[in-house]
Amino acid sequence: MIDPAPIYDAATAFWKSAVLFAACRLGVFDALEEAAGAAALAQRLGLSEHGTAALLDACVAMGLIEKAGDTYRNTPAGDRYLTSRSPESLLVTLELQAATYPMWMRLAEAVRDGQPAIAPADLLGGDPELTRQFVVGMHQRALGTAGALMDAVDLTGHRVLADIGGGPGTYSMLMLQRYPGLRARIMDLAPILEVARTLVASSGVGDRIEMVPCDVTADDLGNGFDAALVSGLLHRMTAETSRSILRKVYAGMAPGGLIAVNDLFIVAGGPTMALLFGLQMLLTNETGGAHEASDVASWLAQAGFVDVKITPLFPHTVVIARKAAAIRA
Ligand SMILES: C[S@@+](CC[C@H](N)C(=O)[O-])C[C@H]1O[C@@H](n2cnc3c(N)ncnc32)[C@H](O)[C@@H]1O
């Protein structure tokens, strides 16, 4: 018999998402910082007892909660990422995932028509609550995944980082915390920077950060920077717009500068997350998708950058290159 299991697994994968979102929304992980039985937890949260027991046991089976005898408690990962008090909480980014959940039911129409399922501007200032969730959610996600990128991008000796499409500015803040001599310019759309300001203000490095409202597809990117980060931006752009942005970065960058382009790029047909993300872009934007890392490397070389190197950092991939140093006469 040919095994149908992969088909069943894909067909019911959304059940698991629904379990996670429901447990977050009901405050289960906040409550389970302390061990509790299902009945006590149901009473405390105002939930049905049998529904609570079923949800908790599903979470246990999914590895989201631990069970000893009749009592439940968070796993260490649950305490760290799924409670509202944790500085590394992912609850806002999960709330955004949950908000985009119905949109995936319209994938067939989006594929057929080639049109997004939501208005692209909603996340970028059009809907204030979605915009807030988008920016804070990006911040939470970036805090969780930043380590690999920070280690791959060495900014020792660099002075000014242009964070192009910097969003919440998380990477800039972390870079500035690591490199005391570095300053940063976070360049993004005005409504995004409005939300980011609060995050920057509480980062401890806000005095070294300049916020530059701009549309990077249309505006000049200025000059005077010797490092540039283009993270999570090109997936909204066509190849042509991406090439134009990289040319503008090259033009404004000081000789000897470094550029890091980070995203869910495709390398050798994967990872799966990059390919699924390409569909998420189809659902949320008129242009863009998951680009091939090798194409990004070519665009950088065409813009004039040298020493182009692709480094997969699962699930993201960073493409790093340099602008050649000026030749002394
Ligand atoms: C997925 S987020 C990535 C944010 C951040 N760089 C990171 O990696 O966490 C993409 C960012 O690009 C910004 N962006 C999209 N189109 C833009 C444009 N035309 N001009 C400036 N920023 C833009 C969005 O507002 C958003 O903050």
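Everything quoted here is computed from the prediction, not taken from an experiment. (Residues numbered from 1 in each chain as written. Predicted model: local features only at pLDDT ≥ 70, side-chain atom pairs only at ≥ 80, totals over all residues. Heavy atoms only, no water.)

(A) Structural context of the sheet that holds strand β3 (residues 71–74). Ordered in space as β1-β3-β2, the 3 strands form an open sheet in which the pairing is antiparallel. In this open sheet, the two strands that pair with only one neighbour each are β1 (36–37) and β2 (65–68). For β1 and β3, the ladder comprises 2 bridges, and the chain directions are antiparallel. Each bridged residue has a counterpart across the sheet, and for A36 the counterpart in β3 is Y72. The strands touched by helix α4 (residues 49–61) are β2 and β3; relative to β2, the strand with the most contacts, the crossing angle is about 105°. (Pairing = 2+ DSSP bridges. Helix = DSSP H or I, 4+ residues; strand = E, 2+ residues; numbered from the N terminus. Contact = heavy atoms within 4.5 Å. Axes fitted to C-alpha atoms, helices over the stretch in contact; angles between N-to-C directions.)

(B) Structural detail: the pattern of salt bridges. Summed over all chains, the structure comprises 12 salt bridges. With a closest N to O distance of 3.1 Å, R85 and E33 form a salt bridge. You can see R85 sitting in the loop between α5 (76–81) and α6 (91–99) and its partner E33 sitting in the loop between α2 (28–31) and β1, a full 52 residues away along the chain. Residues D151 and R178 are paired through a salt bridge, measuring 3.3 Å at the closest nitrogen-oxygen approach. Taken as a pair, D151 in helix α8 (residues 128–152) and R178 in helix α9 (residues 170–178) lie far apart in primary sequence, 27 residues in all. Beyond isolated ion pairs, a larger network of salt bridges with shared partners links E240, R243 and R247. (Salt bridge = Lys/Arg side-chain N within 4 Å of Asp/Glu carboxyl O.)

(C) A look at the site of the ligand. In the vicinity of the ligand, 20 residues are found, and the nearest of them are G165, D188, D215, V216 and S231. The backbone of V216 places a nitrogen or oxygen atom 2.9 Å from a nitrogen atom of the ligand. For the ligand, the accessible surface in isolation is 600 Å², of which the surrounding protein chains cover 94%. Across the shell around the ligand, the residue classes tally to 9 nonpolar, 7 polar and 4 charged. (Near = heavy atom within 4 Å. Polar contact = N/O pair within 3.5 Å; in protein donor to acceptor, adjacent residues only side chain to side chain. Areas by Shrake-Rupley, 256 points an atom, 1.4 Å probe, with all protein chains shown as cover. Nonpolar A, V, L, I, M, F, W, Y, C, P; charged D, E, K, R; others polar.)

(D) Representation of the sheet that holds strand β9 (residues 306–313) within the structure. Pairing is mixed across the open sheet formed by 7 strands, whose spatial order is β6-β5-β4-β7-β8-β10-β9. Each edge of the open sheet is held by one strand with a lone partner, namely β6 (209–213) and β9. Neighbour-to-neighbour, the strand axes of this sheet turn through a mean angle of 15°, independent of strand direction. Against the sheet, α9 contacts β4 (160–164), β5 (183–188), β6, β7 (225–231) and β8 (253–263), and its axis sits at roughly 180° relative to β5.

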